[in-house]
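# Structural characterization, general
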Amino acid sequence: MTTAQPVAVRPATAADAPALLDIFTRSITELAPPFYAPPQVAAWAAALNADRALALITDHTTYVAELEGAATPARAVGFATFAEPEEFDMLYVDPAVVMRGVGAALAAVVEQHARFRGVHELKATVSDCARLAFESFGFRHEQPHTRVLDGHEFSVTLMSLPLR
Ligand SMILES: CC(C)(COP(=O)(O)OP(=O)(O)OC[C@H]1O[C@@H](n2cnc3c(N)ncnc32)[C@H](O)[C@@H]1OP(=O)(O)O)[C@@H](O)C(=O)NCCC(=O)NCCS
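Residues numbered from 1 in each chain as written. Predicted model: local features only at pLDDT ≥ 70, side-chain atom pairs only at ≥ 80, totals over all residues. Heavy atoms only, no water.

Turning next to the environment of Pro95. Here Pro95 shows up in the loop between β4 (87-93) and α4 (102-116). A relative accessible area of 14% places Pro95 in the buried class. As for Pro95 and Ile28, which are separated by 67 residues in sequence, their C-alpha atoms are 8.7 Å apart. Setting aside residues no more than four positions away along its own chain, Pro95 makes contact with Arg26, Ser27, Glu30 and Leu31. (Helix = DSSP H or I, 4+ residues; strand = E, 2+ residues; numbered from the N terminus. Buried < 20%, exposed > 50% of the residue type's maximum accessible area, 1.4 Å probe, protein only. Contact = heavy atoms within 4.5 Å.)

If you want it as structure tokens, here you go:
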């Protein structure tokens, strides 16, 4: 599905931290349940708080997506982070606007940033909910992996995108 509203991507500022936290929490609680058990979803959704959301912006390269041309003022509908030296670290989209190209727009900007930084291969540890999206961004499977968060094990996939 496409949207009539183009997606604008810009660097995040500290003022975006509350919106990032809100998108993160709703994205996981609404989109992850088909893929992970309730205790896993709860642990994942609790992994970010206000301080950590702010740190994402100050310690990493974080981009925010907004839908342009809406009647209402622009608001953040997704975010992505790049972590040095070569990690596409986070990608979360407001569940109200998934499947409209917001994730792809953010991924394109992270890829562009990584190229600018001289990264030869962009790495990502991808949740089961996001694997098909990362495939569509051109990432290839490296190997299945288990991530442990607050004592809960998550099946994830190590993926990579060659940038040469
Ligand atoms: C993964 C996520 C970021 C995708 O965001 P999105 O805005 O819906 O992505 P897009 O609309 O740009 O879609 C990109 C591609 O992925 C596909 N896609 C996205 N979600 C999909 C799904 N659940 N099932 C199948 N395909 C999907 C789209 O069809 C599109 O493919 P195409 O380019 O061939 O048409 C979003 O679903 C999300 O926030 N998920 C929960 C959080 C999460 O798991 N984050 C990643 C942590 S590693």
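There's more to say after this.
Counting residues in hydrophobic clusters, the biggest one holds 27 residues, and the most contacted among them are Phe88, Val102, Leu122, Phe134 and Phe139. Ranked by the residues each element gives to this core, the list is headed by α4, at 6 residues. In contact with Val102, not counting residues within four places along its chain, are Val7, Ala65, Leu67, Val77, Gly78, Val93 and Val97. (Core = buried A, V, L, I, M, F, W, Y, C linked by side-chain atoms within 4.5 Å.)

Looking now at the side chain of Thr157. With respect to the element layout, Thr157 can be found in strand β7 (residues 152-162). In this view, Thr157 contacts Ala124, Thr125, Val126, Arg131, His141, Gln143 and Pro144; residues no more than four positions away in its chain are not counted.

Here we come to the packing of aromatic side chains. The full count for this structure, using the stated rule, is 10 aromatic pairs. Summarising the aromatic geometry, the rings of Phe88 and Phe139 are spaced 6.2 Å apart at their centres and angled 55° between planes, so their arrangement reads as tilted. One end of the pair, Phe88, is in strand β4; the other, Phe139, is in the loop between α5 (131-136) and β6 (140-149), and 51 residues separate them in sequence. Each member of the pair Phe88 and Phe139 is classed as buried. Three or more aromatic residues joined by ring pairs make a cluster, and in this case those are Phe24, Tyr36, Trp44, Phe79, Tyr92 and Phe154. (Phe/Tyr/Trp six-rings, centres within 6.5 Å; stacked < 30°, edge-to-face > 60°.)

In the vicinity of the ligand there are 22 residues, among which Leu91, Met99, Gly103, Ala104 and Ser127 approach most closely. At 3.0 Å from an oxygen atom of the ligand is found a main-chain nitrogen or oxygen belonging to Val93. The side chain of Ser127 places a nitrogen or oxygen atom 2.8 Å from an oxygen atom of the ligand. Tallied by class, residues from the shell around the ligand come to 15 nonpolar, 6 polar and 1 charged. (Near = heavy atom within 4 Å. Polar contact = N/O pair within 3.5 Å; in protein donor to acceptor, adjacent residues only side chain to side chain. Nonpolar A, V, L, I, M, F, W, Y, C, P; charged D, E, K, R; others polar.)

What follows deals with unusual backbone geometry. With an omega dihedral of 5°, the bond running from Glu84 to Pro85 counts as a cis peptide bond. With respect to the helices and strands, Pro85 occurs in the loop between β3 (76-83) and β4. Not every positive phi belongs to a glycine, and Met99 is a case in point at roughly 65°. Positionally, Met99 belongs in the loop between β4 and α4. Under the relative-accessibility criterion, Met99 is labelled exposed at 66%. Of note in this structure, Asp150 is not a glycine but carries a positive phi near 50°. Examined against the element boundaries, Asp150 turns out to sit in the loop between β6 and β7.

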